[in-house]
Amino acid sequence: MQEHATLVKDSKETNLNIREELDKYLIHWKWIALSVFVALVLAIIYLRYAEPQYKATATILVKDERKGNLQSELSAFADLGLTSGIKNNVDNEIEIIKSRTVVEKAIKKLGFTIDYLADARVKHIELYKDKPIEFVFLNVSEKFYEKEKTFNFKGINQNSFELFKDNKSLGKHNYGVKIKLEDSELIIYKVLRKGVKTAYDISLTVNVYNLKSVVQSYKSKLNIAPISKNSSVVELTINDPIKEKAEDLLNTIIEIYNEDAVADKKYISENTQNFIQDRLKIISVELGDVEKNAELFKKYNNVTDIVSEASLYVQSSSEFEKSLIETETQLRVIQSMEDFMKKKKEGELVPTNILPIDANSISLIIQHNELVLQRNRIIKDGTINNPIVKNLDQKIEETNNNIIEGIARLKTSLAIKRSDLQKQDNLLKGKISQIPTQEREFRILDRQQKIKESLYLYLLQKREEIAISLAVTASNSKLIDSAMASNRPVSPVRNMIYLIAFGLGLFIPLGIIYLMGLLDTKIKSRQDIEGKTTIPFLGDVPKSESHEEIINTNSRSSSAEAIRIVRTNLEFMLSNVAVDKAKTIFVTSTLPKEGKTFLAINLASTIALSGKKVLLIGLDIRNPKIDEYVKLPSKGLTNYLSKNDSDVNEYIIKQDGFEAFYILPSGVIPPNPVDLLMNDKLTLLFDSLKLQYDYIVVDTAPVSLVTDTLLVAKNADVFVYVMRANYLDKRFLKTAETFHLEKKLPNMAIVLNDTFWGKTYGYGYGYGYGYGYGYGQDVKKETWYKTWLNKLTRK
């Protein structure tokens, strides 16, 4: 068994034939061709009525601040560090452009929630630029965009029309007049185009779609991506059946994106400007208060400039101290002079260079000294009592008194001057002592004033900068190429559709055939048998168009020829049989309804037509079928075996139309078939009949259901094992192989029944269904479509 399995496996591997695999599909070429044809026809119909999709493309340059393009509205405060971390980049801007908010604004602005459809023979045609009317909805409520609406417009004349909503008439109205609806007001305008005469007796279908669904639809079709990784150029694309519609949507999205960006910048700038204006008002008041406080401080302290006045005070105090010292010195000199004058001796001179500059006193001293000198000269030559001396003494006395009085007056004057200088010096020292406190207090006021003033000036500068930025606010993107749609539709692509249709038309039937072959475990052809079993193969018998007639001399059908071939091949297997004995052929199968009886009776008739004496025995005594082909008596083999004194020739009949074709019917179905078949009388019967006939063909029972055939197998010279195509499972090949290897069925050979020669090559692959039971006359070959219709009728 193991050696056989190895042999079969090797045989499988070596017998792979590409042509055989291809022929499994090529025999269905008509169906494949029909499938391709139908697919191409459907492709043509699809292309005829499918809406073409046009691709619109626009490109913009997005300002990427990561590359140094700082355009923030808060750049006015860059020096304060308020703009750190605020950066734009391409990825963020792409998400903003394709956001639902931007797309929704664009759709609302363009009115894409409203479709104008003109009726056509097969499909509606959407109108856009060429629409003759325009619906304008006013005072819409929140529910307006939530519910879809359908209006039917029917023009009456140049000035009026009739409007239907959901197939309900809303009356006749004039153009430009408000129509009150549940959630809005509607005005219908005529669209006048230059050079085009508008027809007013038109009928249109106007659909108002749900805003969210329209936004989601266009958002899903919108594709935005940078041209390259290192580029800030972004490409926007969208597909739509109407080229102008796609172009307008892209241009409007870019416009709204830029408007929103500018509005955001202006919003921040305006808020910043308002903030600066408010702060300027507050700081202006605070600066005025600080300046008033400085003014009051200076008035209260009688100062204008503390630093310069302090310097002046110090300088004046120094001068006063110097003058005070000089005055004090002069007082002491005068005091010593006064003491000298009081203690001066007679005839003593008075010093002239000691007193401070006093012209009167100095002149008196000089006069005094001259008188003293004159007296002293006279005394040298005269006496004291000299009248001249006495006169000089009197004058010297008067001059001395005048000097003493002048010194007293000078002393009094210097004392007064010293007192005044002392007062002035004390006053200056008091002011100088107050200067540090005043300076500290004034510095506080001065510091507040400078801070308020610098902040005030800074905000004034920034207010002007913000005003400039508001006047020249730039958008976040620059339009490079406005939207432009392709002239050729990008979908559907005709060549691609034809290619797909051809592929589907080709591969769908091929796939079905492959799956059918993969899932079908039935034996189809001799290729399913050869290489998988060591049992000899006699041939295959194609499906018979008629199962009611037996092969005769006039039969030229494919079934008749196939059985003649099988009969010829049998002769090689019966070459070892003795010449003086009948060649005994047993016909069996695995299961019922495989055509063993059909093959047995036609094989016997074919041999009989060659001039041989043939006996057909119905040994399938449990389920006899020979009487379905020929008319037989009810008694037969079982009646003979059950009686001891009967003659078998009494039950054998001759078949009409044949010279030497005899049949031994099965007889009555017995209650104990096994007992009858195990009777030695059956063996003796075969021994006797083999001497009377040239060939004995025996129709036996199926071997997988009962043991009847195995019990009588010893009487056979050859076993024809019938397998029905498209009926017997391949797993039953193991059953037949087991019988062959164990020699339970001697000289065993296989015949494949019920195949289709018209769909095969060589001996053919069998793909037919049904069961052939006999041969009729020659059948005229019909055309393929008539055969196909006949098959459908039979089904």
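The rules behind each value
- Residues numbered from 1 in each chain as written.
- Predicted model: local features only at pLDDT ≥ 70, side-chain atom pairs only at ≥ 80, totals over all residues.
- Heavy atoms only, no water.
- Helix = DSSP H or I, 4+ residues; strand = E, 2+ residues; numbered from the N terminus.
- Buried < 20%, exposed > 50% of the residue type's maximum accessible area, 1.4 Å probe, protein only.
- Contact = heavy atoms within 4.5 Å.
- Areas by Shrake-Rupley, 256 points an atom, 1.4 Å probe, with all protein chains shown as cover.
- Pairing = 2+ DSSP bridges.
- Phe/Tyr/Trp six-rings, centres within 6.5 Å; stacked < 30°, edge-to-face > 60°.
- Lys NZ or Arg CZ within 6 Å of the ring centre and 35° of its normal.
- Core = buried A, V, L, I, M, F, W, Y, C linked by side-chain atoms within 4.5 Å.
- Arc of directions from axis to C-beta.
- Axes fitted to C-alpha atoms, helices over the stretch in contact; angles between N-to-C directions.
- Salt bridge = Lys/Arg side-chain N within 4 Å of Asp/Glu carboxyl O.
- Lys, Arg positive; Asp, Glu negative; His and termini not counted.
- Polar contact = N/O pair within 3.5 Å; in protein donor to acceptor, adjacent residues only side chain to side chain.
- pLDDT = per-residue confidence, 0-100.

Attention shifts here to the overall build of the chain. Tallying secondary structure elements over the chain gives 19 helices and 21 strands in all. Burial statistics for the chain: of 795 residues in total, 42% are counted as buried. Counting only contacts in the chain whose residues sit at least 6 apart along the sequence, the fraction spanning at least 24 positions is 77%. Of the roughly 45000 Å² of accessible surface on the chain, 54% is carried by carbon and sulfur atoms.

Ordered by their spatial adjacency, 3 strands build an open sheet running E4-E9-E8, and the pairing between neighbours is antiparallel. Lying at the two open borders of the sheet, with one neighbouring strand each, are strand E4 (133-138) and strand E8 (179-180). Where E4 lies against strand E9 (residues 185-190), 6 bridges are found, and the strand directions are antiparallel. Considered in E9, the bridge of leucine 138 is made with glutamate 185.

Evaluated as defined, the whole model comprises 15 aromatic pairs. For the pair phenylalanine 658 and phenylalanine 661, a centre-to-centre distance of 5.2 Å together with 85° between the ring planes defines the contact as edge-to-face. Looking at lysine 613, its charged tip hangs above the ring of tyrosine 693, at a distance of 4.7 Å from the centre. Above the face of the tyrosine 640 ring, lysine 681 is positioned so that its terminal group lies 4.3 Å from the ring centre.

Let us look at unusual backbone geometry. The omega angle of the peptide bond from serine 491 to proline 492 is -5°, so this bond is cis rather than trans. Structurally, proline 492 can be placed in the loop between strand E13 (477-485) and helix H11 (494-519). Here the phi dihedral of asparagine 747 falls at roughly 50°; this positive angle occurs in a residue that is not glycine. On the secondary structure map, asparagine 747 appears in the loop between helix H18 (733-741) and strand E21 (748-755). On the basis of relative accessibility, which here comes to 33%, the residue asparagine 747 falls in the partly exposed class.

Time to look at the pairing of strand E7 (residues 168-174). Inspection of the sheet shows strand E6 (residues 160-165) paired to E7 by 5 bridges, in the antiparallel sense. Residue pairing in the sheet places serine 160 in a bridge with asparagine 174 of E7. Count of turn residues in the E6/E7 antiparallel hairpin: 2 residues, of which aspartate 166 carries a positive phi of about 55°.

Moving on: the nonpolar core. In a soluble, globular protein the nonpolar side chains are often hidden away together inside. Counting 43 residues, the largest nonpolar core has Ile617, Leu637, Leu664, Leu689, Ile696, Tyr721 and Met723 as its most contacted members. Broken down by secondary-structure element, the contributors of at least two residues to this core are strand E16 (614-618), helix H14 (637-642), helix H15 (673-677), helix H16 (680-689), strand E19 (695-699), strand E20 (718-724), H18 and E21. By residue number, the principal contributor to this core is H16, which donates 4 residues. Not counting chain neighbours up to four residues away, the residues in contact with leucine 637 comprise Ile617, Gly618, Leu619, Leu664, Pro665, Ser666, Gly667, Leu682 and Leu685. Ranked by size, the runner-up nonpolar core spans 38 residues in total, among them Ile550, Leu603, Ile626 and Val697.

Next up on the list: the environment of arginine 377. Relative to the helices and strands, arginine 377 is located in helix H9 (residues 359-381). Residues arginine 377 and valine 389 lie 12 residues apart in sequence; the distance between their C-alpha atoms is 9.7 Å.

Here we come to H16. Taken together, the buried positions of H16 are occupied by Lys681, Leu682, Leu685, Phe686 and Leu689. Seen from one end, H16 has its buried residues packed into an arc of 140°, which puts them on one side. In H16, the exposed positions that point more than 90 degrees away from the buried face belong to Asp680 and Leu684.

One open sheet accounts for 8 strands, arranged E14-E21-E20-E15-E19-E16-E18-E17; its pairing is mixed. Strand pairing shows two members of the sheet lacking a second neighbour, strand E14 (537-542) and strand E17 (653-654), which therefore form its edges. As judged from the 6 bridges shared by E20 and E21, these two strands associate in the parallel manner. Paired with tyrosine 721 across the bridge in E21 is isoleucine 750. Set on the sheet, helix H12 (residues 558-573) makes contact with E14, strand E15 (583-589), E19, E20 and E21; between it and E14 the angle comes to about 170°.

What follows deals with the environment of glutamate 295. Within the secondary structure layout, glutamate 295 lies in helix H7 (residues 243-301). Glutamate 295 gets classed as partly exposed once you look at its relative accessible area, which sits at 43%. Linking glutamate 295 and leucine 445, residues 150 residues apart in sequence, is a C-alpha distance of 9.9 Å.

Turning our eyes to something else, we now look at the environment of isoleucine 513. Summarising the element assignment, isoleucine 513 is placed in helix H11. With a relative accessible area of 17%, isoleucine 513 lands in the buried category. Sequence separation of isoleucine 513 and histidine 28 is 485 residues, and the distance between their C-alpha atoms is 8.7 Å.

Our next topic: the pattern of salt bridges. Under the defined criterion, the tally for this structure stands at 26 salt bridges. Note that glutamate 126 is salt-bridged to lysine 245, the shortest N-O span being 2.5 Å. Here lysine 245 lies in helix H7 and glutamate 126 lies in strand E3 (residues 125-127), a separation of 119 residues in the sequence. If you follow the salt bridges from partner to partner, you end up with Arg100, Glu104 and Lys108 in one network.

Looking at the secondary structure, you find lysine 131 in the loop between E3 and E4. Buried charge without a partner: lysine 131 forms no salt bridge, and the closest opposite charge is glutamate 134, 5.3 Å away. A polar contact is formed between the side chain of lysine 131 and the backbone oxygen of tyrosine 128, at a distance of 3.1 Å.

Of all residues in the chain, 83% have pLDDT values of 70 or greater, and the mean over the chain is 81. Throughout residues 1-15 the model reports pLDDT below 50, and contacts reaching past four residues in sequence, or to other chains, amount to 14 contacts. Between residues 68-74, whose pLDDT stays under 50, and residues either more than four places distant or in other chains, the model counts 22 contacts.

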